[in-house]
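Understanding the architecture of this molecule
Single-letter residue listing:
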Amino acid sequence: MKKQLNLAQWNRREHFEFFSSFDEPFFGLVAPVDCTRTLAEAKRLGVPFFVYYLYHALQAANQVEAFRYRIENGQVYQYDRVHASATIGREDHTFGFSFIEQQDELTSFVRAAAEEIEAVRTGEGLRLTETTGRPDVIHFSALPWVRFSGLTHARSFGRPDSVPKISFGQTYLERGATLLPVSVNMHHGLADGYHVGQFLSVFQDRLG
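Residues numbered from 1 in each chain as written. Predicted model: local features only at pLDDT ≥ 70, side-chain atom pairs only at ≥ 80, totals over all residues. Heavy atoms only, no water.

As recorded by an unreviewed UniProt entry, the protein carries the name Chloramphenicol acetyltransferase and is attributed to Hymenobacter montanus.

Listed below in structure tokens is the structure:
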């Protein structure tokens, strides 16, 4: 479900109009989160680390209203909830898009993720469909072989896009803690650094 915002009464109306006129309205930042406890908990539960932190990242995104805003036909809509469209790698070093529905319970999310990951890995091509390309998703990706400190995304400026993009890098040790680089890219007409900070704070709280 979604509802249309009344732009005339929205306190971000001028921000939305200003940044929506840009050729590249997205901004991004990278910050580390401490996943020491999360890594141990994923191992204890027997859940793949990627699936475990993806679950918590999606839950955190749903808690921040700005991550549920989307621009459609020039209007801003707020979705009740958003899901995951994550890139899944294959043994031949290609990848495909997935759709994993947001679930409140971890076990349900893990089950759905396992089914979708298997479908991608045994399939071929990008798997860009109406489902994987729907607007009420977060675009997730993981680069577990790269400890990045910056990241950009390929984008078609001729195609309207307002979907947040969250990427995860290679974990690394620092002062006894295991850190995970997180890149967040957002449409500046819908969000500012404050909202990305909110997401990172909630995500960190969930990771422990």
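What follows concerns the environment of Val51. Take Val51: it is sitting in helix H3 (residues 49–63). Taking relative accessible area as the criterion, Val51 reaches 4% and is therefore assigned buried. (Helix = DSSP H or I, 4+ residues; strand = E, 2+ residues; numbered from the N terminus. Buried < 20%, exposed > 50% of the residue type's maximum accessible area, 1.4 Å probe, protein only.)

The gaps of empty space that remain are located by a probe, the size of a water molecule, rolled over the atoms. In this structure, the second largest pocket encloses a volume near 240 Å³. Taken together, 14 residues form the lining of the second largest pocket, with Ser20, Pro25, Pro160, Asp161 and His187 sitting closest to its centre. Residues that form the lining of the second largest pocket fall into these classes: six nonpolar, four polar and four charged. (1 Å grid on protein atoms, 1.4 Å probe; cavity = no way out; pocket = protein on both sides within 12 Å on 5 of 7 lines; lining within 4 Å. Points joined across faces, edges and corners; volume = space filled by probe spheres on them. Nonpolar A, V, L, I, M, F, W, Y, C, P; charged D, E, K, R; others polar.)

So, about the UniProt feature "active site" (unreviewed entry) in the protein. As recorded in UniProt, the feature "active site" (unreviewed entry) lies at His188. Its location among the elements puts His188 in the loop between strand E10 (177–187) and helix H5 (193–207). Not counting chain neighbours up to four residues away, the residues in contact with His188 comprise Arg12, Phe19, Pro25, Phe26 and Phe27. (UniProt positions renumbered as here; feature names shortened; annotations may be inferred. Contact = heavy atoms within 4.5 Å.)

Once that is clear, we can look at the sheet that holds strand E1 (residues 2–4). If you trace the three strands from one edge of the open sheet to the other, you get E1-E4-E3, paired in antiparallel fashion. For this open sheet the edge positions go to E1 and strand E3 (69–72), each flanked by a neighbour on one side alone. Ignoring strand direction, the axes of neighbouring strands in this sheet form an average angle of 35°. (Pairing = 2+ DSSP bridges. Axes fitted to C-alpha atoms, helices over the stretch in contact; angles between N-to-C directions.)

Right, let's get into the nonpolar core. The biggest cluster of nonpolar side chains holds 54 residues, and the ones touching the most others in it are Phe140, Val182, Phe199 and Phe203. Other than its neighbours up to four places away in sequence, Phe203 contacts Val33, Tyr53, His56, Ala57, Ala60, Phe168 and Val182. (Core = buried A, V, L, I, M, F, W, Y, C linked by side-chain atoms within 4.5 Å.)

All right, on to a nonpolar patch on the surface then. A surface patch of nonpolar side chains, about 300 Å² in accessible area, is lined by Phe95, Leu126 and Leu128. By the element assignment, Leu126 lies in the loop between helix H4 (106–121) and strand E7 (137–142). Using a relative accessible area of 44% as the deciding quantity, one classes Leu126 as partly exposed. (Patch = residues over 30% accessible without salt bridge, like charges linked within 9 Å, V, L, I, M, F, W, Y side chains within 5 Å. Areas by Shrake-Rupley, 256 points an atom, 1.4 Å probe, with all protein chains shown as cover. Salt bridge = Lys/Arg side-chain N within 4 Å of Asp/Glu carboxyl O.)

For Ala177, the position within the fold is in strand E10. In this structure Ala177 comes out as buried when scored by relative accessible area, which is 14%. For the pair Ala177 and Cys35, spaced 142 residues apart in sequence, the C-alpha to C-alpha distance is 7.7 Å.

Right, let's get into the side chain of Arg90. Here Arg90 lies in the loop between strand E5 (83–89) and strand E6 (95–97). Buried charged residue Arg90 carries no salt bridge. Nearest counter-charge: Asp92, at 5.2 Å. Of the polar contacts made by the side chain of Arg90, one reaches the backbone oxygen of Val120; its length is 2.7 Å. Here the side chain of Arg90 touches Gly125 through a polar contact of 2.7 Å, landing on its backbone oxygen. Contacts of Arg90, omitting those with residues within four sequence positions, involve Phe95, Gly96, Val120, Arg121, Gly123, Glu124, Gly125 and Arg127. (Lys, Arg positive; Asp, Glu negative; His and termini not counted. Polar contact = N/O pair within 3.5 Å; in protein donor to acceptor, adjacent residues only side chain to side chain.)

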